[in-house]
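Chain by chain, the residues:
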Amino acid sequence: MDQMEIAIYVKARCRRCWRAKRLLRRRSYAFEVIDVSGDDGLGNWLVEATGSKTVPQVFVDGRLVGGLAVVRALDSSGDLDRLVRGEV
């Protein structure tokens, strides 16, 4: 399946991060994991880019999708697959 580039920003020992990665794996999406644990510069950038201090944060083709709740909702509606394929 052709797909857009997916990046997921996480922290170590984060349950929501683990769940988000599991959801993406179950859908057979290839994705890059970027750990912001202990990297204040990257963490600060993530807060500025997303407006949120929480992880995970998922980006598709450089565009913010959101955290676990948003990704789950998109997956349930089928919109996540369309987004990842570049159809929306």
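On a predicted model such as this, the values are computed, not experimentally measured, just so you know.

Caption draft 1: Main features of the overall build of the protein chain. Along the backbone of the protein chain there are four helices and four strands. Along the chain direction, N to C, the helices and strands of the protein chain fall in the order β-α-β-α-β-β-α-α. A principal-axis box enclosing the C-alpha atoms of the protein chain has dimensions of 35 × 20 × 20 Å. When the 88 residues of the protein chain are sorted by exposure, 36% land in the buried category. Total accessible area on the protein chain stands at roughly 5,500 Å², and carbon and sulfur atoms take up 45% of it. Distance between charge centroids for the protein chain: 12 Å, based on 15 positive and 12 negative side chains.

Caption draft 2: Structural context of the pairing of strand β4 (residues 63-66). For strand β3 (residues 57-60) and β4, the ladder comprises three bridges, and the chain directions are antiparallel. Bridging across to β4, F59 finds its partner in L64. Hairpin connection between β3 and β4: a loop of two residues separates the two successive antiparallel strands, and D61 in this loop has a positive phi of roughly 55°.

Caption draft 3: Looking closely at the side chain of K21. Along the chain, K21 falls in helix α1 (residues 15-26). Leave out the neighbours within four places in its chain, and K21 touches I8, V10, F31 and V33.

Caption draft 4: Up close: helix α3 (residues 68-77). Within the sequence span of α3, burial applies to L68, V71 and D75. Within α3, the buried residues cover an arc of 65° as seen down the axis, which keeps them to one side. Structural note: α3 exposes A69 and S76 on the side pointing more than 90 degrees away from its buried face. Buried residues along α3 sit against α1, β3, β4 and α4 (79-84).

Criteria and thresholds
- Here, residues in each chain are numbered from 1, in the same order as that chain's written sequence.
- The predicted origin of the model limits local features to residues at a pLDDT of at least 70 and limits the giving and counting of side-chain atom pairs to 80 or more, whereas totals for whole chains, interfaces and linings rest on all residues.
- No hydrogens and no water enter the side-chain calculation; it runs on all heavy atoms of the structure.
- By definition, any uninterrupted DSSP run of H or I lasting at least four residues is a helix, any uninterrupted run of E lasting at least two residues is a strand, and each is numbered from the N terminus.
- Only protein chains enter the accessibility calculation, which uses a 1.4 Å probe. A residue is then buried if its area is under 20% of the maximum for its type, exposed if over 50%, and partly exposed in between.
- In short, Shrake-Rupley with a 1.4 Å probe defines the accessible areas, and a residue's cover is counted only from the protein chains shown.
- Charged-residue counts in this description rest on Lys and Arg as positive and Asp and Glu as negative, His and the chain ends being excluded.
- Lys charges are placed at NZ, Arg charges at CZ, Asp charges at CG and Glu charges at CD.
- DSSP calls a pair of strands paired once it identifies at least 2 bridges connecting them.
- The contact definition used throughout considers only heavy atoms, calling two residues in contact when any of these lie within 4.5 Å.
- It is the directions from the helix axis to the C-beta atoms whose arc is reported.

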